[in-house]
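In case you want the letters, here they are:
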Amino acid sequence: MVSLVRSNVVDLPTNFSLSYFWCGGFMISAFLVFQTVSGIILSFLYVADSNLSFGCVVDFTNEGLFVWLVRYMHIWGVSFIFVLLFVHMGRSLYYSSYTKLGVWNVGFVLYILMMVEAFLGYILPWHQMSYWAATVLTSIVNSVPFIGSGLYTFIVGGFSVTNVTLVRVFSAHVCLAFVIIGLSVVHLFYLHSSGSNNPLYVSGGYSDVVLFHSFFTVKDGLVLFSLLSMVCFFMLYLPDLVLDVESYIEADPLVTPVSIKPEWYFLAFYAMLRSIDSKIGGLVLVIIILFVLWLPSSNVSCSYSVIRQYVFWSIVAVFLLLSYLGACHPEFPYVLVSKVSSFLMVILLCMFKGLWVEPYSM
């Protein structure tokens, strides 16, 4: 075990040119550990019951300082994980890391599972926005041809979102966390097998190397300390910044919120979903965008192309615009701009992945 740790962490040969953008993987892993520990503690106190869950979660703030800190660490940890995920995936796209098929495929599956895990956790407090977000998004599953109704019944456990749904969501949320941890280890295995890419595109990445410890452990430690300091600042001074006002209203199936919206890291996809008139059309659009985003191609060393950089930053700008539009009320002109931006996103992703392609070398 000691030799395994030394070969994969301490004595790992790593390219000297890796910048702070390559710290994302370690940061995500560290925050996953924090989320797992805080989630286990909260699971001991949480009651999966539609009549008790909301009061149980609200009481977390009155149980004591420790439980309050654990709860808000869990809340803010999700936001920081998705910020790190977006930066991590953006760096991977920019430097064509998707050419490393094993690492990219497992990493993309991890991204999908983390979105599912975050959505399941969002339902558990059973407040107004979580209940209605679950109702809206599960209804999209019901619109899938042939298998939609059966899949909806299996997920929800009935004809609508009820207490049965809450129990299933809690079980899935706990189990999926350990699946994500296991896949993270697989992701790390593929990374160390193929080697990390680097901003200079040095062949193989091992022409100019240093040992991972202590050069990169100090760098990762500095970034982790900085991020934890930011988490502490937000927890102590702006604890409810990422919570909606509806988070303090118990779920009521008879009262629909004026504007239903998910957490900020889902807003771009939510804008895509509602930009199409039919539910199945919006779902197909999101699947197409995710498929093109995943699709691996050989674009090694093409980030030096100025045009390709314009395309990349256009993708970033459109994604941020969609995130803003997802928080807006579904009316003109927001829906129209969302539709145009969604199709523009597909075109830009196809250009980014399809142009500048180099043949794979055998």
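Residues numbered from 1 in each chain as written. Predicted model: local features only at pLDDT ≥ 70, side-chain atom pairs only at ≥ 80, totals over all residues. Heavy atoms only, no water.

- By the naming in an unreviewed UniProt entry, the protein chain goes by Cytochrome b and is assigned to Notocotylus intestinalis.
- Recorded under Subcellular location (unreviewed entry), the UniProt text for the protein chain is reproduced unchanged: "Mitochondrion inner membrane".
- Per UniProt, the protein chain has the following entry under Sequence similarities (unreviewed entry): "Belongs to the cytochrome b family." (UniProt positions renumbered as here; feature names shortened; annotations may be inferred.)

**Quick notes on the pattern of salt bridges**
Side chains that differ in charge, positive against negative, can pair when their charged atoms come close.
Logical step 1: Enumeration over the complete set of coordinates arrives at 1 salt bridge.
Logical step 2: A salt bridge links Asp 244 to Lys 261; the nearest nitrogen and oxygen atoms lie 3.9 Å apart. Taken as a pair, Asp 244 in the loop between α9 (212-237) and α10 (267-275) and Lys 261 in the loop between α9 and α10 lie far apart in primary sequence, 17 residues in all. (Salt bridge = Lys/Arg side-chain N within 4 Å of Asp/Glu carboxyl O. Helix = DSSP H or I, 4+ residues; strand = E, 2+ residues; numbered from the N terminus.)

**So, α10**
Logical step 1: Counting buried residues in α10 gives 9 out of 9 residues, a clear majority hidden from the surface.
Logical step 2: Turning to α10, its buried residues number three or more, namely Leu 267, Ala 268, Phe 269, Tyr 270, Ala 271, Met 272, Leu 273, Arg 274 and Ser 275.
Logical step 3: Those residues of α10 hidden inside the fold are in contact with α5 (101-123), α6 (128-142), α11 (279-294), α12 (306-326) and α13 (334-354). (Buried < 20%, exposed > 50% of the residue type's maximum accessible area, 1.4 Å probe, protein only. Contact = heavy atoms within 4.5 Å.)

**Things to note about helix α2 (residues 24-45)**
Residues separated by three or four positions in an α-helix point in the same direction, a consequence of the helix having 3.6 residues per turn.
Logical step 1: When the terminal C-alpha atoms of α2 are compared, their 32 Å separation across 22 residues agrees well with the 32 Å that a helix rising 1.5 Å per residue should span.
Logical step 2: Buried positions along α2 lie against α3 (53-63), α4 (65-94), α5, α8 (163-194) and α9. (Expected span 1.5 Å × (residues − 1).)

**Remarks on the side chain of Ser 50**
Logical step 1: By the secondary structure assignment, Ser 50 is in the loop between α2 and α3.
Logical step 2: The class of Ser 50 is buried, set by a relative accessible area of 18%.
Logical step 3: Once residues lying within four places of it in the same chain are set aside, the contact partners of Ser 50 are Trp 126, Asn 163, Leu 166 and Glu 250.

**Here we look at unusual backbone geometry**
Note: most peptide bonds trans; most residues except glycine with negative phi.
Logical step 1: Cis geometry marks the peptide bond from Phe 332 to Pro 333, where omega comes out at 5 degrees.
Logical step 2: By the element assignment, Pro 333 lies in the loop between α12 and α13.
Logical step 3: Unusually for a residue other than glycine, Ser 96 sits at a positive phi of about 55 degrees.
Logical step 4: Checked against the element boundaries, Ser 96 lands in the loop between α4 and α5.
Logical step 5: Positive phi is not limited to glycine here, since Phe 146 has a value of about 70 degrees.
Logical step 6: As for its placement among the helices and strands, Phe 146 is situated in the loop between α6 and α7 (148-156).

**Some points on the nonpolar core**
Across soluble globular proteins, nonpolar side chains have a tendency to be buried as a group.
Logical step 1: In terms of nonpolar packing, the biggest core is built from 93 residues, with Phe 31, Phe 82, Met 114 and Leu 322 touching the most fellow members.
Logical step 2: The residues that make up this core include at least three from each of domain 1 (8-253) and domain 2 (261-361).
Logical step 3: Each residue touching Phe 31, except ones within four places of it in the same chain, is listed here: Met 73, Gly 77, Phe 80, Ile 81, Leu 84, Leu 224, Leu 227, Leu 228 and Val 231. (Core = buried A, V, L, I, M, F, W, Y, C linked by side-chain atoms within 4.5 Å. Domains from an automatic or database assignment.)

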